[in-house]
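Survey of secondary and tertiary structure
Here is how the chains run, residue by residue.
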Amino acid sequence: MSQRSGTGLDENVGGALSYLLGFITGIIMYFVEPENEFVRFHAAQSIALSAVLIVVSIVLSIISTLVTTLFFVNSAGTFALASILSLIIGLIYLVFAVGSFALWIYMMVRAYQGKTPRIPIAAGIADRMV
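These lines cover the structure that appears in this document, whether it is placed above or below. Everything numeric here is computed off the predicted structure, so don't read it as measured data.

1. Brief notes about the overall build of the protein
For the protein, the count of helices and strands is 5 helices and 0 strands. Starting at the N terminus, the α and β elements of the protein follow one another as α-α-α-α-α. Taken against the 2.2 N^0.38 rule, which gives 14 Å for 130 residues, the C-alpha radius of gyration of the protein at 19 Å runs more than 25% over that of a compact globule. Considered along the principal axes of its C-alpha atoms, the protein spans approximately 65 × 20 × 20 Å. Relative to its 130 residues, the protein shows a buried fraction of 34%. With an accessible surface of roughly 7700 Å², the protein has 73% of that area assigned to carbon and sulfur atoms.

Below, the structure written as structure tokens:
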């Protein structure tokens, strides 16, 4: 049986809920759970992970926009190159989106199981927040 958190939830439920809506539920669980380190770590890692994923998504969008504006507008000679680059960026974004979804499910399931998987960049940030 897992311990109860200050919110009255089992700590594994609180940890899983931290990931449910990304940084939104991460922030909520972080502030409503002042003492349970398991829930606070998952909440902090959810916030950090969401921030990293948002930054990567923005960077991919900026790269895609730059490729579109620089190559498609210039001349017909760069159209083939721009098309290939756009396709590659689209595939990278697809892999990123599917990977993010799989990671989201994995983190919720592992937190619910009472485990604490550490995502490299996000865990370091979460350690400083807890």
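This is not the end of the story, as more comes after the structure.
2. Remarks on helix α5 (residues 120–129)
Each α-helix turn comprises 3.6 residues. Residues three or four places apart therefore point the same way. Taken together, the buried positions of α5 are A122, A123 and A126. Considered in projection along α5, the buried side chains sweep an arc of 100° and stay on one side of the axis. Turned more than 90 degrees away from the buried face of α5, the exposed residues are P120, I121 and R128.

Conventions we followed
Residues numbered from 1 in each chain as written. Predicted model: local features only at pLDDT ≥ 70, side-chain atom pairs only at ≥ 80, totals over all residues. Heavy atoms only, no water. Helix = DSSP H or I, 4+ residues; strand = E, 2+ residues; numbered from the N terminus. Rg over C-alpha atoms; globule rule 2.2 N^0.38 Å. Buried < 20%, exposed > 50% of the residue type's maximum accessible area, 1.4 Å probe, protein only. Areas by Shrake-Rupley, 256 points an atom, 1.4 Å probe, with all protein chains shown as cover. Arc of directions from axis to C-beta.

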